[in-house]
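Fold and contact review
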Amino acid sequence: MSIQGKIQQQYYTRGREGIFRSNEGLDTVAKSPSLDNNFIKKTLHPFCLYHAPQELRQRGEQDLSKYPESLTVFTAETGELVIGRGVFAGADFTGQRDTIFVHNYIVPQDRAEETYRNPDSIFRIRFFESKYSEEQKTLPELDELDYVSGPQLREEREALERLGIDEQRFKQLLWSVMMSVSSNKKVYIALDVDVSESSYYAGQLLGLIYRCLPYGMRRKFGFTTYSHEPQGKKFINAMVVEKGTIRAGDRNIDKDYVFDFPNGRFHNVELQGSEHYYLDFAWENRERPEELTAFYEFAEEALQDMDGSLQTSLPTYYQLCALYRVEQGNDELYEANKEASLAGVLSYLNDGNIERKPRLDELFWRLVDKEIALFGTGYTPSAAYLESMVDYYRIGGLKESLVFSLIKFLYNGWNFNEDSGYSKQVFQAMTKHEELFRAVVRRMLHADQFAPVVQAYLLDRLEPIAGMKALQDEISFWLEQVEEALCTSYFQQQLIRKTKELLDKDKERIAAGGGLNAYLDKLYKVKSEHDKQLQPFYNDLDLQAQQTIIAQADLERITLQQLEDMKYMLGHHSQVLSDSLGTKDQAVFQILQCASFLLRNTGNKEADNYMTLSLLAPREIDQLQMLLQRLLKDSIRPEYYEKIAYAFYESGEEPGECTFSYAKMLDYVLRQSGHADDVYDFLNWSASYPYFLDVRGRIAWDFEGAIRGYFNKSERGALNKRDVWTKLKGTPNRSFKKVYEEIRLAQSNPILRFIRKNRKILFQFGGIIVGVATLTLIGIYVFDSGDEPTEPVQQEQTGDQGGTGKQPDNAVQPGGQTGGQTGSQQTGQTSGQTGTQQTGQTNGQTGTQQTGQTSGQTGTQQTGQTNGQTGTSTGTGSGSSGAGTQGTTGSSTGSGGQSGGATSGSGQSGGGAQNAGR
């Protein structure tokens, strides 16, 4: 806006014309050449106001000196400091109108700082203009302001007395002003003095307050020494108003800070809290400007490069004032709150500004030295104090003095402090700074006096760990931070102990142990400075985990998945683990090892399986079988068939020979699956499984016996069912098929069994029967074609079940036939019983009969014709066959020692055959 380094001026009053208007009226009438017109209109004109006091106007006061001056000071948004005075100027150029006159000095931004630091250059300026010459349009640019130097201490003291402002009220005023600077609230002050004196006393009061403001506050503080009434104006924080203009209950100012001295009303001005370090300091040094300045310089060093909001924050100056007083030797204040003092110093430091803030860095180490001096007494600073010391690392880096101090304090804290979490809290703070943590821990581990402190910290870290993943994270922490700590026997012992403790409680210990094993496998591959020292520790840790898992293993509850998860520790390479176990645990281990091997390695050579089983005693083999059977009970599927077979694997009679409990195996498959079809699937699979066959690829004799036993006991007759036979007859192994056929035949109907056994003979005998039947039919035909009909003869038929039947000697009787029907009848007898069947002829019927007897049985059979039927019958011990023509077939069957006869006939022709005894 302005020429750099030059102070600009502006006049504002009523004239015939102005800079911005060509006719008469209030306007800027003169200005410095470099003063920007936009700056004048936007920033200066809103403050070019003056309202004469109501009291003086009402009485028509003509003495202009009676009218209070209005000194207005503020910092513009663009950084310029505006110092202006407005007065009542009396009559204007016309002589008929009253006017005002405002004279502003505009200090450029680069010169404003020196003005802020010198209140006299604001409050004691020698000259402000109250009038001007119309010819004077241009005002000079100034190199500096003309002011009276030196504070008016006596005048200020007298002013406070005259205004009735004591220590408490002054602190409230100062507090309100400082709070206003950091907020949007305003401070309104009405003084209990005559209106003609108000400007003077306002200047004295605000001048004193201004001198008690730190530089950061001054840069933002705006005020006016006179306003005709309270009004919120931008950039103005404190305003002295005309007496009587602050109205009680005015809602426009109810949130602001109000000091109405004439009426004794003070609103929102009560101080909060009991400690007001800065307010106390300012009051004590209000008449010692040099002391105030020394603090301001301390605060400026601390606040450089800090966030701008801190420079206008009252709590910031409370803190800085306390630190300044500690720096000046106020040990009492430091002792009252050591932690706050140290933390306060560090809050203004960082690694980029520590060299520019030497007073704070020096103060930090001076305070630490006070604590170190007490080390020999067993004194222990608080954990919060040490945390502040640790925080210094981010500022000053790794200093020998810092490492040494922390080691000393940690030892005293561990040795003398009753709080068990003291050291842990400090160590935890150090973990945020790896280099510092590493330096302190290494030093302590290498000193017998201090090593127990680190060991105690390890125990504190291990105590809350509840799972193996967290324990792995703990190992990783030490590997990253202080790897050599894991090389110490104490650390190794504690980590191994914690591993056992965790796995003992973990219901998923097998999975947890597997996770640890995988984690350690990765560590084996990491190359580091201490890897050769750490690998034995990894081995011991892994071994302890495996020992714990085996010790807790329950063969009656372990699952197939758990066994799979244990395979990393059950291989043949686990001899170290096996040798480390006691007798009981070793037996469990070997059972699990065998189970894992058999289930995992399908298709093994028999010798391999034998070598595996040879490790077990007979009782352990039983346990192994029970384990495998339980594991596989829900897995009756083709992909598990070989594993199911292993569940019934056992040592053979000869060394190197193995066999299976076949019968139990088949029963197991049926029982666990609940479906006979699964047994058939298993049998079909087994026909190509080499271990179930002999050297020539035929079914093993003991497996054959188990199959026969299964179909005789569990599923007798199943092979005579079409669907079962269809499923099994397609087996690729002929020896299996032969066994099925033999079982099927042995369990079939005796007649069928006879037919199947004598199929060739029956085939030959069948030809003879057909011939005889043919001749018989021809004879019947010739006989029936005679001229003379035959009178039918009624034949009585008798038969008893389980008894003896008699019939006439004549087996064939002539007679007449009607309807041209032919009948055939068969009878068979078993079990040494005798049966008699008799059929007579009636109404011209003809009958032909054959009787056979087998196996000591006696059978008599007669076949007759009724209603013109012709019958032919053949009987054997197990069945008979017959054929008929010119009619339907009539048949009769007897078995189980029974005899009977049956006749049938209809006007049809046909042939029939029937097997008896099925």
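Just above, that's the structure.
For every chain, the first residue of the written sequence is number 1, and numbering continues from 1 onward in sequence order. Where totals are concerned, whole chains, interfaces and linings use all residues; where local detail is concerned, this predicted model gives features only for residues with pLDDT of at least 70, and gives and counts side-chain atom pairs only at 80 or more. Note: side-chain values were computed over all heavy atoms of the structure, leaving out hydrogens and water.

1. Description of the overall build of the protein chain
In terms of regular secondary structure, the protein chain is built from 38 helices and 17 strands. Each residue is assigned to one of three classes by its accessible area relative to the maximum for its type, calculated with a 1.4 Å probe on protein chains only: buried under 20%, partly exposed between the two thresholds, exposed over 50%. Counting across all 918 residues of the protein chain, residues that qualify as buried make up 50%. At a minimum sequence separation of 6, the contacts of the protein chain that also span at least 24 residues come to 69%. Just so you have it, the protein chain exposes about 43,400 Å², and 47% of that area is on carbon and sulfur atoms. The helix count covers DSSP runs of H or I at least four residues long, the strand count covers runs of E at least two residues long, and both are numbered beginning at the N terminus. In this description, contact between two residues means that some pair of their heavy atoms is separated by no more than 4.5 Å. Areas reported as accessible are Shrake-Rupley estimates using a 1.4 Å probe. Residue values count occlusion only from the protein chains shown.

2. Quick notes on unusual backbone geometry
A positive phi is found at Asn 268, a non-glycine position, where the angle reads about 65 degrees. Along the polypeptide, Asn 268 turns up in the loop between β10 (265–267) and α9 (277–284). Asn 268 gets classed as partly exposed once you look at its relative accessible area, which sits at 32%. At Asp 305, a position not held by glycine, the phi torsion is positive, near 60 degrees.

3. Some details on the packing of aromatic side chains
Aromatic pairs are defined between Phe, Tyr and Trp rings, using the six-membered ring for Trp, whenever the two ring centres lie within 6.5 Å; interplanar angles under 30 degrees are classed as stacked, those over 60 as edge-to-face, and all others as tilted. Throughout the structure, instances matching the rule amount to 64 aromatic pairs. Look at Phe 123 and Tyr 210: their rings are 5.5 Å apart centre to centre, the planes differ by 65 degrees, and that puts the pair in the edge-to-face class. Here Phe 123 is found in helix α4 (residues 120–123), whereas its partner Tyr 210 is found in helix α7 (residues 195–211), with 87 residues between them in sequence. Between Tyr 649 and Phe 660, the ring centres sit 4.7 Å apart and the planes meet at 45 degrees, which makes this aromatic pair tilted. Note that Tyr 649 is positioned in strand β11 (residues 649–651) and Phe 660 in strand β12 (residues 658–660), a separation of 11 residues in sequence.

4. What to know about the sheet that holds strand β8 (residues 238–241)
Here the rule is simple: two strands pair whenever DSSP picks up at least two bridges between them. Strand order in the open sheet formed by 10 strands is β2-β1-β5-β4-β3-β7-β8-β6-β9-β10, with mixed pairing between adjacent strands. Looking at strand neighbours, the two that pair on one side only are β2 (25–31) and β10, the edges of this open sheet. Strand-to-strand, the axes of this sheet are offset by a mean angle of 20 degrees, without reference to chain direction. Pairing of strand β6 (residues 187–190) with strand β9 (residues 257–260) involves four bridges; the strand directions are parallel. Looking across to β9, one finds that Tyr 188 is bridged to Val 258. Packed onto the sheet, helix α6 (residues 167–181) meets β6, β8, β9 and β10 and runs at close to 145 degrees relative to β9. The axes used here are C-alpha line fits, helices contributing only the stretch in contact, and every angle between their N-to-C directions lies in the interval 0 to 180 degrees.

5. Here we look at the pattern of salt bridges
Put simply, a salt bridge is a Lys or Arg side-chain nitrogen that is within 4 Å of an Asp or Glu carboxyl oxygen. For the coordinates displayed, the defined rule picks out 47 salt bridges. In this structure, Glu 113 engages Arg 219 in a salt bridge whose closest nitrogen and oxygen atoms are separated by 2.7 Å. Taken together, the positions of Glu 113 in helix α3 (residues 109–116) and Arg 219 in the loop between α8 (215–218) and β7 (223–227) put the pair 106 residues apart, joining distant regions of the chain. Classification of Arg 219 as buried rests on a relative accessible area of 17%. Close ionic contact of Lys 498 with Glu 501 constitutes a salt bridge, the shortest N to O distance being 3.1 Å. With Lys 498 and Glu 501 both in helix α22 (residues 489–505) and three residues apart, the pair spans about one turn of that helix. The class for Lys 498 is buried, based on a relative accessible area of 3%. For Glu 501, a relative accessible area of 26% puts it in the partly exposed group. One connected set of salt bridges, linked through shared partners, spans Glu 113, Arg 117, Arg 219, Glu 297 and Glu 300.

6. A short note on the environment of Thr 726
In this structure, Thr 726 sits in helix α35 (residues 722–729). Among the polar contacts listed, one links the side chain of Thr 726 to the backbone oxygen of Arg 722, at a separation of 2.7 Å. Each polar contact in these results corresponds to two N or O atoms within 3.5 Å; when the atoms are within protein, one needs to be able to donate a hydrogen and the other to accept it, and residues that are neighboring in sequence are counted only if both atoms are side-chain atoms.

7. Observations concerning the pairing of strand β5 (residues 98–107)
Counting buried positions along β5 gives nine out of 10 residues, so the element sits mostly inside the fold. Sheet analysis places strand β4 (residues 81–91) next to β5, joined by 10 bridges and oriented antiparallel. Within β5, the residue paired with Gly 90 across the bridge is Thr 99. Taking the residues between adjacent antiparallel strands as the criterion, β4 and β5 are bridged by six residues, where Gly 95 takes a positive phi near 80 degrees.

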